[in-house]
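Okay, here's what each chain looks like letter by letter:
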Amino acid sequence: MVTILTDLADYPPHFWIERQPQYFICGSAMAASQAFAMGHSLERVFRTSGMIVRPEFYRRKSISRAQERCRIGLRPDLPTGLVMFGGFGSSRMLNIAKAVAEAGLKSQFIFLCGNNQALRERLSRMELPFPHYVEGFTQDVPYFMGLADFFIGKPGPGSLSEALVMGLPVIVERNASTMVQERFNTEWIMQNRLGVVLRSFSDVREGLAPMLDSEQMMRLRQQVNRLNNRAVFEIPEILDAILALRTDQPELYAVGAQS
């Protein structure tokens, strides 16, 4: 049995890691250390360089960002944020839009609302003072991320990993309403200097400050690019190695990974 953790860390008890004979594929040093702490041996715990992200996020299309921004009604020269809260959006996107409008910062935003048509309509009706584009459900998330400079959303492992693979520093929120299994993700963001963690999106102006400062943004991008998450390509090789192991002579298969 092999368990591939699709969270950056376990949330014991009885979440991902159990005390039973099996293999674990972990996307962070924390998850691997949790498996060792549960008594699993080095030979049964494998590291990858991150979470699984669909291969299309690695297939960068050759496009002109300036032209594509103009095509959807944005300015080619403004810092651009992508706001996304999963497949059904969130009313917090309305609060973010209002907070950005009140801040009066030179920036523009792409709002991906998922299957939440009511949210899409409400955002579209807002008379926002900054350039923006509102989209519903789309399978072109890599395209829209390719037009953005940074990401705003919930700290879920999927959307975070997608944004980071696309080179986007992140702005997320952590408070009492943050899902328990996603709280470590915010610590990981701060530890690796991948973006900003806010107590509330009402403080989005504070979160945007480093994204709109050229020097701070350059440092954030450098940290994001150091991750080099290739998990979706590493895991098939790990599974092949596990299948090839002889139970009477186990071998350790090591994959280079980031913390």
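For the structure itself, look to the data block above.
Quick notes on the rules
- Residues numbered from 1 in each chain as written.
- Predicted model: local features only at pLDDT ≥ 70, side-chain atom pairs only at ≥ 80, totals over all residues.
- Heavy atoms only, no water.
- Buried < 20%, exposed > 50% of the residue type's maximum accessible area, 1.4 Å probe, protein only.
- Helix = DSSP H or I, 4+ residues; strand = E, 2+ residues; numbered from the N terminus.
- Pairing = 2+ DSSP bridges.
- Right-handed = clockwise from strand over helix to strand, strands pointing away.
- Axes fitted to C-alpha atoms, helices over the stretch in contact; angles between N-to-C directions.
- Contact = heavy atoms within 4.5 Å.
- Salt bridge = Lys/Arg side-chain N within 4 Å of Asp/Glu carboxyl O.
- Patch = residues over 30% accessible without salt bridge, like charges linked within 9 Å, V, L, I, M, F, W, Y side chains within 5 Å.
- Areas by Shrake-Rupley, 256 points an atom, 1.4 Å probe, with all protein chains shown as cover.
- Parallel < 35°, antiparallel > 145°, perpendicular 65-115°, else oblique.
- Left-handed = near helix turned anticlockwise from the far one by under 90°.
- Phe/Tyr/Trp six-rings, centres within 6.5 Å; stacked < 30°, edge-to-face > 60°.

Draft legend 1. How the structure looks around the pairing of strand β2 (residues 23-26). Residue alternation in β2 divides its side chains into two sets, Tyr 23 and Ile 25 and Phe 24 and Cys 26, and both sets are buried. Of the pairings in the sheet, the one linking β2 to strand β3 (residues 45-47) comprises three bridges and is parallel in character. Each bridged residue has a counterpart across the sheet, and for Phe 24 the counterpart in β3 is Val 45. This β-α-β element, β2 to helix α1 (residues 29-37) to β3, shows right-handed connectivity.

Draft legend 2. The arrangement of the sheet that holds strand β5 (residues 108-112) in detail. Ordered by their spatial adjacency, six strands build an open sheet running β6-β5-β4-β7-β8-β9, and the pairing between neighbours is parallel. Either end of the sheet is taken by a strand with one partner, and the two such strands are β6 (132-135) and β9 (195-198). The average undirected angle you get between the axes of adjacent strands in this sheet is 15 degrees. Here strand β8 (residues 170-173) runs beside β9; their pairing, made up of four bridges, is parallel. Across the sheet, the residue bridging to Glu 173 is Leu 198, located in β9. Across the sheet, helix α8 (residues 204-211) is in contact with β5, β7 (150-153), β8 and β9; its angle to β9 comes to roughly 170 degrees.

Draft legend 3. Fine view of the pattern of salt bridges. In this structure the tally under the stated criterion is 10 salt bridges. Notably, a salt bridge pairs Arg 75 with Asp 77, separated by 2.7 Å at the nearest N-O pair. Accessibility expressed as a relative area gives 51% for Asp 77, which makes it exposed. Through salt bridges with shared partners, a single network forms among Arg 65, Arg 69, Asp 149 and Arg 221.

Draft legend 4. The arrangement of a nonpolar patch on the surface in detail. Side chains of Tyr 11, Phe 15 and Val 180 sit close together on the surface and give an oily, nonpolar patch of about 240 Å² of accessible area. Considering the arrangement of structural elements, one finds Phe 15 in the loop between β1 (2-4) and β2.

Draft legend 5. View of the packing of helix α3 (residues 92-103) against α8. Their axes nearest at 9 Å, the elements α3 and α8 cross at an angle of 70 degrees. Relative to α8, the element α3 is oriented roughly perpendicular. Crossing of α3 over α8 shows right-handed handedness. Mapping the contact onto sequence places Ile 96, Ala 99, Val 100 and Ala 103 in α3 and Val 204, Arg 205 and Leu 208 in α8.

Draft legend 6. Quick look at the packing of aromatic side chains. Enumeration over the complete set of coordinates arrives at 10 aromatic pairs. Ring geometry for Tyr 23 versus Phe 46: centroids 6.1 Å apart, planes at 45 degrees, classification tilted. Of this pair, Tyr 23 sits in strand β2 while Phe 46 is found in strand β3, placing the two residues 23 residues apart along the sequence. A single burial state applies to Tyr 23 and to Phe 46, both of which are buried. Look at Tyr 143 and Phe 144: their rings are 5.0 Å apart centre to centre, the planes differ by 70 degrees, and that puts the pair in the edge-to-face class. Taken together, the ring pairs connect Phe 109, Phe 111, Phe 130 and Phe 150 into an aromatic cluster.

Draft legend 7. Quick peek at unusual backbone geometry. With omega at 0 degrees, the peptide bond leading from Pro 12 into Pro 13 counts as cis. Topologically, Pro 13 is positioned in the loop between β1 and β2. Despite not being glycine, His 14 has its phi angle at roughly 60 degrees, a positive value. Looking at the secondary structure, you find His 14 in the loop between β1 and β2.

Geometric values such as these leave the question of function open.
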